[in-house]
Amino acid sequence: MNREIRDIFDRIAPVYDQLNNWLSLGQHRIWKEMTIKWSGAKPGDTCVDLCCGSGDLAFGLARYVGNQGQVYGVDFSANLLAAAQKRAQSQYSQPPISWIEADVLSLPFEDGQFDAATMGYGLRNVTDIGRSLQELHRVLKPGATAAILDFHRPRNQQMRAFQQWYLSSIVVPMAEQMGLKQEYAYISPSLDRFPTGEEQVELARQVGFTSVTHYPIANDMMGVLVVSK
């Protein structure tokens, strides 16, 4: 994983949740709930949330798998993991979540370990999307499903223009007030590099996923890639 990107996430950790609310017009919790549902996590499952950030999806998975289940939250940012652990202590998560500092391009898990997986706003930031999907495929059990939520460039020109305006005129100035302009200015170029939904589907098929669908949400400004092994 790119050290520069890891440093960015370490720096934004204190305001990560607040900025997510702004970035998503307050909708990110709804999209995350959809993502968890699409992962198919059920009571007693062992699940992993990759690029877990401050823990929203991991907490949601813990709610779904219940006392008999197990959840791992993985991130490469020590500061975000610390924020997640702090939240876990105040929220009392059952089952307890294991927080692991690791690179999603080289996961510290055995083959076929997980019944379900999620990833939120992480795939766009990895240095090798194909490799990260390959690792995800490796650690899932046969038949298991993963759901991956991220930004998406809308095909509709008006929506694309709105997204660009919102990022440059609302999000970056807000981040700038917190001394984090550079950290959030990277979102727009990262979206330009990010594969379209169709391209993500193709990449997932190439690494061996048998059932792959990309669902555009929020007027195509977000997407959830759902993959099954």
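Residues numbered from 1 in each chain as written. Predicted model: local features only at pLDDT ≥ 70, side-chain atom pairs only at ≥ 80, totals over all residues. Heavy atoms only, no water.

1. Comments concerning the overall build of the protein
A count of helical and extended segments in the protein gives ten helices and seven strands. Residues classed as buried in the protein amount to 56% of the 229 residues present. In the structure as shown, the protein presents an accessible area of about 10200 Å², 49% of it carried by carbon and sulfur atoms. (Helix = DSSP H or I, 4+ residues; strand = E, 2+ residues; numbered from the N terminus. Buried < 20%, exposed > 50% of the residue type's maximum accessible area, 1.4 Å probe, protein only. Areas by Shrake-Rupley, 256 points an atom, 1.4 Å probe, with all protein chains shown as cover.)

2. Points about helix α3 (residues 28-39)
For α3, with twelve residues, the first-to-last C-alpha span of 17 Å sits near the 16 Å given by 1.5 Å per residue. For α3, every residue scored as buried is listed here: His-28, Trp-31, Lys-32, Thr-35, Ile-36 and Ser-39. Mapping the buried residues of α3 onto a view down its axis gives an arc of 140°, with all of them on the same face. The first or second residue beyond α3 is Gly-40, which carries a positive phi of 75°. (Expected span 1.5 Å × (residues − 1). Arc of directions from axis to C-beta.)

3. Notes on the sheet that holds strand β5 (residues 140-151)
Spatially, seven strands are ordered β3-β2-β1-β4-β5-β7-β6 in an open sheet, and the strand pairing comes out mixed. Whereas interior strands pair on both sides, the edge strands pair on one side only; in this sheet they are β3 (97-101) and β6 (211-217). Within the sheet, the average angular offset between the axes of one strand and its neighbour, ignoring direction, is 15°. In terms of strand pairing, β5 meets strand β7 (residues 222-228) through seven bridges, oriented antiparallel. (Pairing = 2+ DSSP bridges. Axes fitted to C-alpha atoms, helices over the stretch in contact; angles between N-to-C directions.)

4. Comments concerning the pattern of salt bridges
Applying the stated rule across the entire model yields eleven salt bridges. A salt bridge links Arg-138 to Asp-111, with the nearest nitrogen and oxygen atoms 2.8 Å apart. Within this pair, whereas Arg-138 is found in helix α6 (residues 129-139), its partner Asp-111 is found in the loop between β3 and β4 (114-120), the two being separated by 27 residues in sequence. Accessibility expressed as a relative area gives 55% for Asp-111, which makes it exposed. What you see here is one network of salt bridges that share partners, running through Lys-32, Asp-56 and Arg-87. (Salt bridge = Lys/Arg side-chain N within 4 Å of Asp/Glu carboxyl O.)

5. A closer look at helix α7 (residues 157-177)
The terminal C-alpha atoms of α7 lie 29 Å apart, and with 21 residues this matches the ideal 30 Å at 1.5 Å per residue to within 8%. At Leu-167, α7 shows its strongest bend, of approximately 30°. (Bend = angle between axes of the 7 residues up to and from the residue.)

6. So, the environment of Arg-63
If you trace the backbone, Arg-63 turns up in helix α4 (residues 56-65). By relative accessible area, Arg-63 is classed as exposed at 53%.

7. What to know about the state of the cysteines
This structure, assessed with the given rule, holds zero disulfides. No disulfide involves Cys-52; its nearest neighbouring cysteine sulfur is the one of Cys-51, lying 8.2 Å away. (Disulfide = S-S within 2.5 Å.)

8. Digging into unusual backbone geometry
In this model, Tyr-121 sits at a positive phi of 55°, which is unusual for a non-glycine residue. With respect to the helices, strands and loops of the structure, Tyr-121 is situated in the loop between β4 and α6. According to the relative accessible area criterion, Tyr-121 is buried, its value standing at 9%.

9. Examining the packing of α3 against α4
Taken N-terminus to C-terminus, the directions of α3 and α4 make an angle of 50°; their axes are 10 Å apart at the nearest point. Relative to α4, α3 is oriented oblique. Along this stretch, α3 crosses α4, giving a crossing that reads as right-handed. Residue-level inspection shows His-28, Arg-29, Lys-32, Glu-33, Thr-35, Ile-36, Lys-37 and Ser-39 of α3 in contact with α4, the latter providing Asp-56, Leu-57, Gly-60, Leu-61, Arg-63 and Tyr-64. When grouped by side-chain class, the residues that make up the contact of α3 with α4 number four nonpolar, four polar and six charged. (Parallel < 35°, antiparallel > 145°, perpendicular 65-115°, else oblique. Left-handed = near helix turned anticlockwise from the far one by under 90°. Contact = heavy atoms within 4.5 Å. Nonpolar A, V, L, I, M, F, W, Y, C, P; charged D, E, K, R; others polar.)

10. With respect to the environment of Asp-75
Examined against the element boundaries, Asp-75 turns out to sit in strand β2 (residues 70-75). Sequence-wise, Asp-75 and Ala-102 are 27 residues apart; in three dimensions their C-alpha atoms are separated by 5.8 Å. With sequence-adjacent residues up to four places away left out, Asp-75 is seen in contact with Cys-51, Cys-52, Gly-53, Leu-80, Leu-81, Ile-100, Glu-101 and Ala-102. A distance of 2.8 Å separates the side chain of Asp-75 from the backbone nitrogen of Gly-53, its partner in a polar contact. (Polar contact = N/O pair within 3.5 Å; in protein donor to acceptor, adjacent residues only side chain to side chain.)

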